[in-house]
Amino acid sequence: MTPAAPLLPPADWRDFLALTKPRVMTLVVFTGLCGMLAAPVGIHPVLGFTAILCIALGAGAAGALNQWYEADLDAVMKRTAQRPLPAGRMERQSALHFGVGLGAFSVILMGLAVNLAAAAILTVSILFYVLIYTVWLKRRTPQNIVIGGAAGAFPPLIGWAAATGQVAVLPLLLFALVFLWTPPHFWALALFVKTDYANAGVPMLPVVAGEAVTRRQIGLYTIPMAAVAVAPWPLGLAGAIYGVVAVAMTAAFCVLAALVAAGARRAGTAMFYEKRLFAFSIVYLFVIFGALVVDRWVA
């Protein structure tokens, strides 16, 4: 008889929090909030808080289900080996139940308390991240980040829909901005953690196509991203405050992307510009979306 596997002790609340990927959730919640605040109509503060809570819970559910499905990959990657599942601090079934329950609750609450349009987009975003990106794309194609980037681009649409009950050109541009920003952002990371992805068998672009192709793709994706980032200003969807900030921040992004694309090196520092681009890309999105809200409320 095969001995039964030893039972793990009950997971700590911090492990459940870690399942939600709080750092990733911060950016998701912020872009969703900015989409809501940039809408042309206001929303009752209680409903607004509920909508943002639902976006956070939905993002957390997607993160938990991602870690449930990818526990084997996380176990062989240095940057993820200490997550609750690969570190052995939680049963996989607990993560599955937590993710499904959190996702269902977020969608139902959004539909009942806010509106069905926001709930529908939230549902699509969770399913897209879990089924399309995590299950279908990530282990099969180096285009995983390109197509899967849509999952992280939904929050501005959800926030806007929560306030208005519909979508419009501006939130679609915000969706496109995050979608086009995702490949340069993640490929910059992939360049300096390439070994991790290779060890895990994840077909990230630097692993299967090499650094030169990845650098070129970072440069190519930055071009339409820059156009979309600035577009709300000349289209009359945002004012000068947003326009000036978008131009300045996008110019800085383009310079870093160009240095990475060219394979520029800084003596004594490995992957200096790649790490700078990855770090700056996060700040970039926060500043761009923040400027849109300031422009909307100050202008």
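Everything discussed here concerns the structure shown above.
Let us look at the structure shown here. (Residues numbered from 1 in each chain as written. Predicted model: local features only at pLDDT ≥ 70, side-chain atom pairs only at ≥ 80, totals over all residues. Heavy atoms only, no water.)

1. Quick look at helix 12 (residues 211-230)
The end-to-end C-alpha distance of helix 12 is 29 Å, a good match for the 28 Å that 20 residues give at a rise of 1.5 Å each. Turning to helix 12, its buried residues are Thr214, Arg215, Ile218, Tyr221, Thr222, Met225, Ala226, Val228 and Ala229. Those residues of helix 12 that are buried are in contact with helix 7 (144-153), helix 9 (169-192), helix 11 (205-208), helix 13 (240-261) and helix 14 (272-298). (Helix = DSSP H or I, 4+ residues; strand = E, 2+ residues; numbered from the N terminus. Expected span 1.5 Å × (residues − 1). Buried < 20%, exposed > 50% of the residue type's maximum accessible area, 1.4 Å probe, protein only. Contact = heavy atoms within 4.5 Å.)

2. A few points about the nonpolar core
Met110, Leu177 and Tyr284 are the most contacted members of the largest nonpolar core, which totals 87 residues. No other element matches the 13 residues that helix 9 contributes to this core. Those residues in contact with Tyr284 that lie beyond four places of it in its chain are Leu177, Trp181, Met225, Ala229, Met249, Thr250 and Phe253. (Core = buried A, V, L, I, M, F, W, Y, C linked by side-chain atoms within 4.5 Å.)

3. Details of the side chain of Asp196
Assignment of secondary structure puts Asp196 in helix 10 (residues 194-200). Of the side chains bearing the opposite charge, Arg79 lies closest to the buried Asp196, which forms no salt bridge; the N-O distance is 4.8 Å. Among the polar contacts listed, one links the side chain of Asp196 to the backbone nitrogen of Arg79, at a separation of 3.3 Å. Discounting chain neighbours no more than four positions away, the residues touching Asp196 are Val76, Met77, Lys78 and Arg79. (Lys, Arg positive; Asp, Glu negative; His and termini not counted. Salt bridge = Lys/Arg side-chain N within 4 Å of Asp/Glu carboxyl O. Polar contact = N/O pair within 3.5 Å; in protein donor to acceptor, adjacent residues only side chain to side chain.)

Read these as spatial facts, not as claims about activity.
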